[in-house]
Amino acid sequence: MQLTIFGSGYVGLVTGACMAEMGNHVVCVDIDEDKIQRLCNGEVPIYEPGLESYIKRNQEAGRLEFTTDVARGVSHGLFQFVAVGTPPDEDGSADLKHVLAVAESIGAHMNEYRIIVDKSTVPVGTADKVREAIHAALAKRDVSLEFDVVSNPEFLKEGAAIEDFMKPDRIIVGTDNPRTTELLRALYEPFNRNRDRLISMDVRSAELTKYAANAMLATKISFMNELANLAENVGADIEKVRVGIGSDPRIGYHFIYPGSGYGGSCFPKDVRALAKSASNSGYNAELLEAVENVNNRQKHRIFDKLLSHFGGDLEGKTIALWGLSFKPNTDDMREAPSRVLMEALWKAGASVRAYDPKALEETRRIYPSQEGLELCESSAEALTGADALVVMTEWQEFRSPDFDKISEALSEPVIFDGRNLYDPDYLKSNGIHYYGVGRGKSLNGGS
Ligand SMILES: NC(=O)c1ccc[n+]([C@@H]2O[C@H](COP(=O)([O-])OP(=O)(O)OC[C@H]3O[C@@H](n4cnc5c(N)ncnc54)[C@H](O)[C@@H]3O)[C@@H](O)[C@H]2O)c1
């Protein structure tokens, strides 16, 4: 089949590469000329495991093309996927300017029937706005053409995006036209072979399903962080509690890890946008507000622990930081807890020696020539001359480090473990001061 994808970011590139992998002919359109040039030269602008080889293979086979030529994109695909960003507006609601710009371009260039597929995460009612924008652009040209707008939200996880796209748990298709559902069913058929995972529904319910999923996951994380803070106050260990509650199949073990708060391009903005949609509709979504507030507070907890450990004064201290991306296996730094920590440390007069397996380049882009930031090429190099180690992202290479080397390198052996990777008792017996998340009064820095 022929399809066009607007937006060559995390979602657009993965969708394009996976669709091409199944034999479809995909044209990816982006307005970022530099990004398209790099992609045409075989360079993949983001880190996502497996993505580079998928892109290379399908580009070489002529099934995957990149262009800034909107007219070419619109004439190419029966399916016009919209995978552009929906960043938060000033008031927290989703900014639809990129989505509507794509809709307008489609209306300006289409000459035959098209199916517009919204993959971007968009508030309920966006499909109607897309439809209106296309109608308006067609009316300007004085033409009348048939088209459909479908909501097909994306559920991939950065770090495992290819796997998620190739073997989806579900494919949500929201449309009011049964014929369009069948065309999408045919497009998704190769991803759907061992059982039918396509769930069809009306457009508005599909739009809300995506926000509901992210808000539920964010709620689980904030709930565990709330309990972790309580555990610290009452002398319990949240890791024991986690295992205890996860064994209940109604709760399960997924997404109940306490930590330094959720980040990334989706949860923070989607929780905010959903709360804003709720208030616009006349409903006060108290739970969502609390989920966000708990998360914002959580992102400051490690800093507060550092400050208290160093007697309220971090001026002149050097902090080694392992992990910058908002989670492992990605270079995405959007709303990463590491940024909140680093910015607080700089404000307090401390400096940071940071290492991340994939996000150094992205950090350099965000903080060019930042005073108090040294980016290091290895975890060992980050420790040199530091006063404490903070672990912010649970990359595999941080899970079982050489604690003797850490102790030797730091001016004082103290670890702030923002992901509860280490065993507090083991560290204590090795003379290392340990601060985790929710690990009880006796464990929390008590060594
Ligand atoms: N990143 C994720 O893990 C993820 C997962 C599921 C859903 N989503 C949603 O998917 C959407 C895209 O997210 P992303 O992370 O891929 O964004 P991104 O910022 O990585 O990429 C968006 C791309 O769209 C391009 N763009 C903007 N306006 C354009 C236009 N008019 N025409 C063509 N291209 C244009 C930008 O240049 C950019 O390359 C968002 O709504 C997001 O919430 C993201």
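Residues numbered from 1 in each chain as written. Predicted model: local features only at pLDDT ≥ 70, side-chain atom pairs only at ≥ 80, totals over all residues. Heavy atoms only, no water.

Q: Even after reading the chapter, I still don't get the overall build of the protein chain, so can you show me in this structure?
A: Helix and strand content of the protein chain: 19 helices and 14 strands. Each of the three principal axes of the protein chain carries a C-alpha extent, and together these read 75 × 45 × 45 Å. When burial is assessed residue by residue, the protein chain has 53% of its 447 residues classed as buried. Counted over contacts in the protein chain with a minimum sequence separation of 6, partners at least 24 positions apart contribute 71%. Element-wise, carbon and sulfur atoms account for 49% of the exposed surface of the protein chain, whose accessible area totals about 19,600 Å². Of the charged side chains in the protein chain, 49 are positive and 67 negative, and the gap between their average positions amounts to 4 Å. (Helix = DSSP H or I, 4+ residues; strand = E, 2+ residues; numbered from the N terminus. Buried < 20%, exposed > 50% of the residue type's maximum accessible area, 1.4 Å probe, protein only. Contact = heavy atoms within 4.5 Å. Areas by Shrake-Rupley, 256 points an atom, 1.4 Å probe, with all protein chains shown as cover. Lys, Arg positive; Asp, Glu negative; His and termini not counted. Charge placed at Lys NZ, Arg CZ, Asp CG, Glu CD.)

Q: Is there a simple way to think about unusual backbone geometry in this case?
A: Apart from glycine, the bulk of residues carry a negative phi angle, and the bulk of peptide bonds sit in the trans form. Non-glycine residue Phe-255 carries a positive phi angle of around 60 degrees. Within the secondary structure, Phe-255 is located in the loop between helix H10 (238–246) and helix H11 (267–280).

Q: Just checking my understanding: could you explain the packing of aromatic side chains for this structure?
A: To describe a pair of aromatic rings, one takes the distance between the centres and the angle between the planes. Tallied over the entire structure, the rule returns ten aromatic pairs. When the centroid spacing of 5.0 Å and the interplanar angle of 75 degrees are considered together, the rings of Trp-346 and Tyr-367 count as edge-to-face. Of this pair, Trp-346 sits in helix H14 (residues 337–347) while Tyr-367 sits in the loop between helix H15 (360–366) and strand E11 (373–375), and the two are 21 residues apart along the sequence. Across this residue pair, the class does not change: Trp-346 and Tyr-367 are buried. Among the aromatic residues, those joined into a ring-pair cluster are Phe-165, Tyr-188 and Phe-191. Sitting over the face of the ring of Tyr-113, Arg-179 holds its NZ or CZ atom 4.9 Å from the ring centroid. Lying over the aromatic face of Tyr-47, Lys-358 brings its terminal NZ or CZ to 4.5 Å of the ring centre. (Phe/Tyr/Trp six-rings, centres within 6.5 Å; stacked < 30°, edge-to-face > 60°. Lys NZ or Arg CZ within 6 Å of the ring centre and 35° of its normal.)

Q: I tried to follow the pattern of salt bridges on my own but got confused; where do I start?
A: Pairing between side chains of opposite charge can happen when the charged atoms of each approach one another. As enumerated under the stated definition, the model contains 31 salt bridges in all. Between Glu-146 and Arg-179 there is a salt bridge, with the nearest N and O atoms lying 3.1 Å from each other. Of this pair, Glu-146 sits in the loop between helix H6 (126–140) and strand E6 (147–151) while Arg-179 sits in helix H8 (residues 178–188), and the two are 33 residues apart along the sequence. Looking at Glu-146, the relative accessible area reads 46%, which means it is partly exposed. Salt-bridge contacts for Arg-185 lead to Asp-196; the nearest nitrogen and oxygen are separated by 2.8 Å. Of this pair, Arg-185 sits in helix H8 while Asp-196 sits in the loop between H8 and strand E8 (198–201), and the two are eleven residues apart along the sequence. Residue classification places Asp-196 among the partly exposed positions, given a relative accessible area of 48%. Several salt bridges share partner residues, and in doing so they unite Asp-128, Arg-131 and Arg-204 into one network. (Salt bridge = Lys/Arg side-chain N within 4 Å of Asp/Glu carboxyl O.)

Q: It is not clear to me how the nonpolar core should be interpreted in this structure. Could you clarify?
A: The nonpolar side chains of soluble globular proteins are, as a tendency, buried together. In this structure, Met-19, Leu-51, Ile-55 and Phe-81 are the most contacted members of the largest nonpolar core, which totals 39 residues. With seven residues, the single largest contributor to this core is helix H1 (residues 10–21). Within the second largest apolar cluster, 28 residues are counted, among which are Ile-302, Ala-350, Ala-359 and Leu-375. (Core = buried A, V, L, I, M, F, W, Y, C linked by side-chain atoms within 4.5 Å.)

Q: How should I be thinking about the packing of helix H13 (residues 301–309) against H14 in this particular structure?
A: Between two packed helices, both the angle of their axes relative to each other and the distance between the axes serve to describe the pair. Two elements in contact, H13 and H14, have axes separated by 9 Å at closest approach and are oriented at 35 degrees. Seen from above, H13 lies across H14 with right-handed handedness. Contacts from Ile-302, Phe-303 and Leu-306 of H13 reach H14 at Leu-341, Ala-344 and Leu-345. A breakdown of the residues in the contact of H13 with H14 according to their chemical character gives six nonpolar, no polar and no charged. (Axes fitted to C-alpha atoms, helices over the stretch in contact; angles between N-to-C directions. Left-handed = near helix turned anticlockwise from the far one by under 90°. Nonpolar A, V, L, I, M, F, W, Y, C, P; charged D, E, K, R; others polar.)

Q: Would you explain the site of the ligand in this entry?
A: Near the ligand lie 26 residues; those nearest to it are Asp-30, Lys-35, Thr-86, Glu-158 and Lys-269. Contact distances for the ligand include 2.6 Å between an oxygen atom and a side-chain N or O atom of Lys-269. Contact between the ligand and Arg-334: an oxygen atom at 3.1 Å from a side-chain N or O atom of the residue. For the ligand, the protein covers 89% of the area, taking 840 Å² as the surface of the free molecule. Considering only residue class, the shell around the ligand consists of nine nonpolar, nine polar and eight charged. (Near = heavy atom within 4 Å. Polar contact = N/O pair within 3.5 Å; in protein donor to acceptor, adjacent residues only side chain to side chain.)

Q: How do you make sense of helix H2 (residues 33–40) when you look at a structure like this?
A: Each turn of an α-helix holds 3.6 residues, which means side chains three or four residues apart point in the same direction. Where H2 starts, the residue carrying a side-chain oxygen 3.2 Å from the main-chain nitrogen of Asp-34 turns out to be Asp-32. Positive phi shows up at Gly-42, right after H2, with a value of about 85 degrees.

Q: Looking at this model, I keep getting lost on the packing of H1 against helix H3 (residues 51–60). Mind explaining?
A: Put simply, H1 and H3 touch, their axes get as near as 9 Å, and they point 50 degrees apart. Regarding the angle of H1 to H3, the classification is oblique. The way H1 lies across H3 gives a crossing that is left-handed. On H3, the residues touching Leu-13, Val-14, Ala-17, Cys-18, Ala-20 and Glu-21 of H1 are Leu-51, Tyr-54, Ile-55, Arg-57 and Asn-58. For the contact of H1 with H3, the residue count by class is eight nonpolar, one polar and two charged. (Parallel < 35°, antiparallel > 145°, perpendicular 65-115°, else oblique.)

Q: Could you clarify how one ought to interpret the environment of Pro-424 in this entry?
A: Summarising the element assignment, Pro-424 is placed in helix H18 (residues 424–429). Remark: the alpha-carbon pair of Pro-424 and Gly-436, spanning twelve residues in sequence, is separated by 7.8 Å.

Q: For this particular structure, what's the right way to read the side chain of Arg-114?
A: Structurally, Arg-114 is set in strand E5 (residues 114–118). For Arg-114, the side chain forms a polar contact with the main-chain oxygen of Ser-75, separated by 3.0 Å. Setting aside residues up to four positions removed in sequence, Arg-114 forms contacts with Val-74, Ser-75, His-76, Gly-77, Leu-78, Gln-80, Glu-146, Phe-147 and Asp-148.

Q: What should I look at first to understand the sheet that holds strand E13 (residues 414–417) in this one?
A: Whether parallel or antiparallel, the strands of a sheet pair through hydrogen bonds between backbone atoms. One open sheet accounts for six strands, arranged E11-E10-E9-E12-E13-E14; its pairing is parallel. Of all the strands in the sheet, the pair left with one neighbour each is E11 and strand E14 (433–435). Sheet twist, expressed as the average angle between the axes of neighbouring strands with direction ignored, equals 20 degrees. Where strand E12 (residues 388–391) meets E13, three bridges bridge the pair, whose relative direction is parallel. Along E13, the bridge assignment pairs Val-390 with Phe-416. Contacting strand E9 (318–322), strand E10 (351–355), E11 and E12, H14 runs over the sheet at an angle of about 175 degrees to E9. (Pairing = 2+ DSSP bridges.)

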